[in-house]
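Observations on chain architecture
Listed below, chain by chain, are the residues.
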There are 2 protein chains.
Amino acid sequence: MIKKLFKKLSSFVLSLFLCCMIALVSNANKEVSKELYLGIDIGGQSVKLGVVDSDGKLLEESKIPTDINATPEQVVESIVNAASKFNAYSKIKHVGVGMPGDIDLDNGIVRFVPQLSKWKNVPLKKLLEKEMDRSSNKIYINNDANTAAIGAFWVDAEGKATNLVSITLGTGVGAGLILNKKLYVGSSGSAGELGHIMIDPDRNAPKCNCGSKGCLEAFLGEQYFLVYAKNYLTVHPSAIINELSEGDTSRINGKILFDAAKKGDKTAKELWNYYGEKLGILLADTINVLTPDVIVLCGGMSQSSKYFMSSALSEAKKRSYSSAFATCKIKTTVATSKLGVIGAAMFAKQNELE
Amino acid sequence: MIKKLFKKLSSFVLSLFLCCMIALVSNANKEVSKELYLGIDIGGQSVKLGVVDSDGKLLEESKIPTDINATPEQVVESIVNAASKFNAYSKIKHVGVGMPGDIDLDNGIVRFVPQLSKWKNVPLKKLLEKEMDRSSNKIYINNDANTAAIGAFWVDAEGKATNLVSITLGTGVGAGLILNKKLYVGSSGSAGELGHIMIDPDRNAPKCNCGSKGCLEAFLGEQYFLVYAKNYLTVHPSAIINELSEGDTSRINGKILFDAAKKGDKTAKELWNYYGEKLGILLADTINVLTPDVIVLCGGMSQSSKYFMSSALSEAKKRSYSSAFATCKIKTTVATSKLGVIGAAMFAKQNELE
């Protein structure tokens, strides 16, 4: 009886050993040749794409202008055409796409994109599958605020954060949430609309495109901030900003305000200070509600962080729980304009693992 | 060789079968006699306790006043004394405690409780272990906003929600988050401070105990709402409220405003309408940021939901994304004052499973 039991046990141990060996060998193979993913970041002005390895390293990249008058089919054709020129194109495993708008994540359908009027209920996943014509490639599509969070998780937090919030400061304000190391999209798929927290109930508060008034986005989105800046400039004129915009106020944008601050312009610095104060409220809300270990700022406006971070941190500290504030690192992404491509590719990788 | 392999395989299948049988039998046993848990809900005025089964059903309950002048040791002694009178006391498996304040979840230490000045760095877990003197009982302690969320998950959502937010409308405002069916406490353990989202930047906005101004709690917490109500009453006097409070404004509380509204008092209804408008902003923020499938309102003030729910829903709908608003059910807990005890007990059960 004991002998029999021993025999059974030894056969079980042997199978376990074999399983471990197989796992080790397959892992070793993975180390030798890393899986490659295609990341596509579709924006209102350009489509960025690139080949990314399984560690989030961007190996090849490319950029084509977004033709807002083209049909989605034509846009997809030009994307695949650009992708096919990558040296590693044939080795790509899966494809991730990040883009603005309302997206049916389960079916890869782009319901609506504010910046691209021709994109209504577009079966983007199917279009890409057809155009790429490679049945082994799986295609995953998500909102660019979510793919940015995944990019920030791999690039800025080096895959080590537990709870990370990425805040995209662009034309509008978006946010992506990684909670307990996984993308959190909530029950309706649209979680993370931190930009629509109302911070000013005044009837004269700036209107937001969402239909409400006084939302954080109505202060922090570039388009709204520039309205404030232009009004401010009528009372506090700046020779430097006037020179940089060649006397045409319609040319003033975030980049010009950044350049003016860089040249030491007082008015530009005051404007960024004001921007930081409003951003500080958003940071405090994020910290109080989600207490993440990392917040990563990204998007075009985040490039001016040098001029707004100090007032943002001071305001955030004042308005948030001290232990939660102390736990949270607040940084600006190091991936700048490449975050979208890397995030989209890593979203494909993450989906493959689940 | 094949014979050997077959032998190994059959022995493996046999072990698998035995494992399954053991699992089935133990499961059947579970069905016959459900595990019992002790839930303890420590508040500033009373300590509620009860025996709860593994389905969240409250079988026995008890209540003792909180002696704010007693030492934590004395409070623990009277709690255990009350618990020992339960018929099922000897059958209790584990113990869950929910209480306000700053709690070190990992070590069961109560760092600080605003309502109980003698509770500073109290090793509550150890004190309870010592007093109960039953090594088989494990003790789990959490903030009462979190145990309320667990209670709401089992009682109000019948264990079926994926993402649930409970909002406790009491003296202050707390919130507990169940995300992807698990309690979410964030990286510093204090996630869910929705009450400290700032909604009014005006320098005359009401001050909040957190040190900031214009927080949602400074409008929705009972203590703050009553300040507003008393000011409102000086301009809009009410004979009914005056009668119910016996002419003494210091006696006005949420219950009196509820009773006045029930009697059809116009001023009381206007006050609850105002309360609903502010609550609607909190609901919209919760929906926009977390898009839960359920929001459960609890705490003393939630008992007046009949008079504020309509304005709250209308404001929340106006301020939130329509698909996220449509996905989210908003309800008032059916467990009323028993939610804390049930939640604390189910927190012990949940911990046991992890």
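Preceding this paragraph is the structure being described.
Residues numbered from 1 in each chain as written. Chains lettered and ligands numbered in written order. Predicted model: local features only at pLDDT ≥ 70, side-chain atom pairs only at ≥ 80, totals over all residues. Heavy atoms only, no water.

1. Things to note about the sheet that holds strand E11 (residues 182–184) of chain A
Residues and elements named next belong to chain A. The mixed open sheet is built from five strands, whose spatial order is E11-E10-E9-E12-E13. Two strands close off the open sheet at either side, each with one partner strand: E11 and strand E13 (329–332). Each strand axis lies, on average, 25 degrees off the axis of its neighbour in the sheet, ignoring direction. Judged from the three bridges that link them, strand E10 (residues 173–179) and E11 form a sheet pairing that is antiparallel. Bridged to Ile178 within E11 is Leu183. In this fold helix H4 (residues 144–155) packs onto strand E9 (164–169), E10, E11 and strand E12 (294–298), with an angle of close to 55 degrees to the strand it touches most, E10. Contacting E9, E12 and E13, helix H10 (residues 305–319) crosses the sheet at an angle of about 160 degrees to E13. (Pairing = 2+ DSSP bridges. Helix = DSSP H or I, 4+ residues; strand = E, 2+ residues; numbered from the N terminus. Axes fitted to C-alpha atoms, helices over the stretch in contact; angles between N-to-C directions. Contact = heavy atoms within 4.5 Å.)

2. Overview of the interface of chain B and chain A
Chain B puts 41 residues into the contact, and the matching count from chain A is 40 residues. Buried surface at the junction of chain B and chain A, summed over both partners, amounts to about 3,400 Å²; 56% is from carbon and sulfur atoms. In this structure, the connection of chain B to chain A is made through zero salt bridges. At the boundary of chain B and chain A, one finds 20 residue pairs in polar contact (both at pLDDT 80 or more). Only helix H1 (2–32), strand E10 (173–179), helix H9 (266–290) and helix H11 (322–327) of chain B provide two or more residues apiece to the side of chain B that touches chain A. (Buried area = accessible area lost by both parts, 1.4 Å probe. Salt bridge = Lys/Arg side-chain N within 4 Å of Asp/Glu carboxyl O. Polar contact = N/O pair within 3.5 Å; in protein donor to acceptor, adjacent residues only side chain to side chain.)

3. What to know about the state of the cysteines
All names here are of chain B. Applying the stated criterion to the full structure yields zero disulfides over all chains. Free cysteine: Cys208, not disulfide-bonded; nearest cysteine sulfur from Cys210 at 3.7 Å. Relative accessible area serves as the criterion here: at 6%, Cys208 is assigned to the buried category. (Disulfide = S-S within 2.5 Å. Buried < 20%, exposed > 50% of the residue type's maximum accessible area, 1.4 Å probe, protein only.)

4. Remarks on helix H3 (residues 124–132) of chain A
Residues and elements named next belong to chain A. For H3, every residue scored as buried is listed here: Leu124, Leu127, Leu128 and Met132. All buried residues of H3 project into a common sector of 120 degrees when viewed along the axis, lining one side. Among the exposed residues of H3, those oriented more than 90 degrees off its buried face are Lys126 and Lys130. Its buried side turned inward, H3 meets strand E1 (36–42), helix H2 (72–83), strand E4 (92–99), strand E6 (109–112), strand E7 (120–122) and strand E8 (139–143). (Arc of directions from axis to C-beta.)

5. Overview of the packing of aromatic side chains
Overall, the coordinates contain 20 aromatic pairs over all chains when judged by the stated rule. Ring geometry for Phe153 of chain B versus Trp154 of chain B: centroids 5.3 Å apart, planes at 90 degrees, classification edge-to-face. Lys278 of chain A extends its terminal NZ or CZ atom over the ring of Phe219 of chain A, reaching a point 4.9 Å from the ring centre. One Lys or Arg, Lys349 of chain B, reaches over the ring of Trp154 of chain B and ends 4.8 Å from the middle of that ring. (Phe/Tyr/Trp six-rings, centres within 6.5 Å; stacked < 30°, edge-to-face > 60°. Lys NZ or Arg CZ within 6 Å of the ring centre and 35° of its normal.)

6. Let's talk about the pattern of salt bridges
What the rule picks out here adds up to 22 salt bridges over all chains. A salt bridge links Lys34 of chain A to Asp55 of chain A, with the nearest nitrogen and oxygen atoms 2.8 Å apart. Taken as a pair, Lys34 of chain A in the loop between helix H1 (2–32) and E1 and Asp55 of chain A in the loop between strand E2 (46–53) and strand E3 (58–65) lie far apart in primary sequence, 21 residues in all. Given the relative accessible area of 36%, Lys34 of chain A is considered partly exposed. For Asp55 of chain A, a relative accessible area of 47% translates into the label partly exposed. Salt-bridge contacts for Glu35 of chain B lead to Lys93 of chain B; the nearest nitrogen and oxygen are separated by 3.5 Å. Note that Glu35 of chain B is positioned in the loop between H1 and strand E1 (36–42) and Lys93 of chain B in strand E4 (residues 92–99), a separation of 58 residues in sequence. Assessed through its relative accessible area of 25%, Lys93 of chain B is described here as partly exposed. Members of the salt-bridge network, linked through shared partners, are Glu315, Lys318 and Arg319 of chain A.

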